[in-house]
Amino acid sequence: MNLCLIIDEMHPSLLPMLRSIGVEGDYQPKLAAADVPAALAAKPYLGLMVRSKMRITAALLAHGPQLRYVARAGAGVDNIDEDALAAAGVTLVNAPEGNRDAVGEFAVGQLLALLRHTVTADAEVRRAEWHREANRGEELGTKTVGLLGYGHMGRAFAKRLRGFGCTVLAHDHDPAVTTDGNAELVPLAELQARAEVLSIHIPYFEANHQFVNEAFLAAFPHHIWLLNTARGEVLDQAALVARLQSGQVRGAALDVLDNEKLATLTPAQQASFDYLRTAPNVVLSPHVGGWTHQSYQRINEVLVEKIRVLLGE
């Protein structure tokens, strides 16, 4: 029997999709993380499907020696030990194709909100304040936008930026990445020299921890706007606050934070968060860039197709 243990909430279309390729989904989204090892050992599961409930480690994989794949319902795989999977002969599949359009659209909206002061203007009018000149904005079409990372998310954003007529630059550490015509691929130093907007689209892993730090931000001669729809840990939040306070960063839109469990912030994290949540030139959202009704189902479609191909090999 081809079984897959599913330990996180998924769109209800998942189970019939899995059955259509001969996989029986054991849907246990309420299963506590501490109980997953025992559940994995209880049946001969070939697959494990997760979102972000827990880390997938070598110790966990030992409870499912028959596993062939781990499916991450989303793009980021920072909660999965890829070396442990490789050592165990387990294939990792994820679904960045499923929510890339959602992220691309969301990033456009966040950038426009920064440039046109829509969040602060809304709050002012609700307070019966009418400040037109103070809310005079900037046009996106006049800007040079730099994308740090040019994978699925960066490409989706660049595609949508084309219609505004702005200049789009992109840098990716992978030399195999090629342009698709929506952005000019440039060295990192050139992106920093030219960009007036920085949008972060790199994954999180140990080598990328606080990749965007004080020195990185200091390399931009322009006063920039900054967007992060990737992972909070790739950005040094304290460095961002310092640059916002100095004016070198003109505004920031953050869909992710360095610690998204707000009840567990360290004193340093609390200090930076307290500044960000009161700053009028900062737009915050709760990691919802890829979180749409359409992407919720599309992620299933992508994962099921990848599982079908994997099992058919």
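Residues numbered from 1 in each chain as written. Predicted model: local features only at pLDDT ≥ 70, side-chain atom pairs only at ≥ 80, totals over all residues. Heavy atoms only, no water.

The protein chain carries the name Phosphoglycerate dehydrogenase in an unreviewed UniProt entry, which gives Hymenobacter setariae as its organism. Recorded in UniProt for the protein chain, the comment headed Sequence similarities (unreviewed entry) runs: "Belongs to the D-isomer specific 2-hydroxyacid dehydrogenase family." (UniProt positions renumbered as here; feature names shortened; annotations may be inferred.)

What follows deals with the overall build of the protein chain. Within the protein chain, the regular secondary structure consists of 12 helices and 12 strands. When its C-alpha atoms are laid out on the principal axes, the protein chain stretches across 65 × 40 × 35 Å. Per-residue burial for the protein chain yields a buried fraction of 50% across its 313 residues. For the protein chain, restricting intrachain contacts to residue pairs at least 6 apart in sequence, the fraction spanning at least 24 positions comes to 62%. Of the roughly 14,800 Å² that the protein chain leaves accessible, carbon and sulfur atoms contribute 54%. Side-chain charges in the protein chain split into 28 positive and 35 negative, and the spacing between the mean points of these groups amounts to 5 Å. (Helix = DSSP H or I, 4+ residues; strand = E, 2+ residues; numbered from the N terminus. Buried < 20%, exposed > 50% of the residue type's maximum accessible area, 1.4 Å probe, protein only. Contact = heavy atoms within 4.5 Å. Areas by Shrake-Rupley, 256 points an atom, 1.4 Å probe, with all protein chains shown as cover. Lys, Arg positive; Asp, Glu negative; His and termini not counted. Charge placed at Lys NZ, Arg CZ, Asp CG, Glu CD.)

A separate point is the environment of Leu92. Here Leu92 is to be found in strand β5 (residues 91-94). What makes Leu92 partly exposed here is its relative accessible area of 25%. Taking the C-alpha atoms as reference points, Leu92 and Val70, 22 residues apart in sequence, are found 5.0 Å from one another. Residues in contact with Leu92, not counting those within four places in the same chain, are Val70, Arg72, Val77, Ile80, Glu82 and Leu85.

Moving on: the domain arrangement of the protein chain. Taken as a whole, the protein chain is organised into domain 1 (2-98 + 293-311) and domain 2 (139-280). Placing a centre on the C-alpha atoms of domain 1 and another on those of domain 2 gives a separation of 30 Å. Domain 1 puts six residues into the contact, and the matching count from domain 2 is four residues. Regarding the contact of domain 1 and domain 2, the summed buried area is about 430 Å², with carbon and sulfur atoms giving 55% of it. By the criterion of area lost to domain 2, the three top residues of domain 1 are Asp78, Pro96 and Glu97, representing 79% of everything that side buries. If you look at where domain 1 meets domain 2, you find one salt bridge. The salt bridge partner of Asp78 is Arg231, with a shortest N-O separation of 2.9 Å. Between the two partners, domain 1 and domain 2, sit one residue pair in polar contact (both at pLDDT 80 or more). The residue inventory of the side of domain 1 that touches domain 2, partitioned by class, reads two nonpolar, one polar and three charged. (Domains from an automatic or database assignment. Buried area = accessible area lost by both parts, 1.4 Å probe. Salt bridge = Lys/Arg side-chain N within 4 Å of Asp/Glu carboxyl O. Polar contact = N/O pair within 3.5 Å; in protein donor to acceptor, adjacent residues only side chain to side chain. Nonpolar A, V, L, I, M, F, W, Y, C, P; charged D, E, K, R; others polar.)

A few words on the packing of helix α10 (residues 237-246) against helix α11 (residues 267-278). Interhelical geometry of α10 versus α11 gives an angle of 40 degrees and a closest axis separation of 9 Å. Put simply, α10 runs oblique to α11. Crossing of α10 against α11: the hand is left-handed. Residues Gln237, Leu240, Val241, Leu244 and Gln245 of α10 pack against Gln269, Ser272, Phe273, Tyr275 and Leu276 of α11. For the contact of α10 with α11, a count of residues per class yields six nonpolar, four polar and no charged. (Axes fitted to C-alpha atoms, helices over the stretch in contact; angles between N-to-C directions. Parallel < 35°, antiparallel > 145°, perpendicular 65-115°, else oblique. Left-handed = near helix turned anticlockwise from the far one by under 90°.)

With that out of the way, let us pick up the nonpolar core. Judged by nonpolar contacts, the single largest core of 29 residues is most densely connected at Leu198, Ile200, Val212, Leu226, Leu240 and Leu254. Only β9 (197-200), α9 (214-218), β10 (224-228), α10, β11 (249-254) and α11 provide two or more residues apiece to this core. Those residues in contact with Ile200 that sit more than four places away from it in its chain are Leu148, Val212, Leu226, Leu227, Asn228, Thr229, Ala230, Val234 and Leu235. (Core = buried A, V, L, I, M, F, W, Y, C linked by side-chain atoms within 4.5 Å.)

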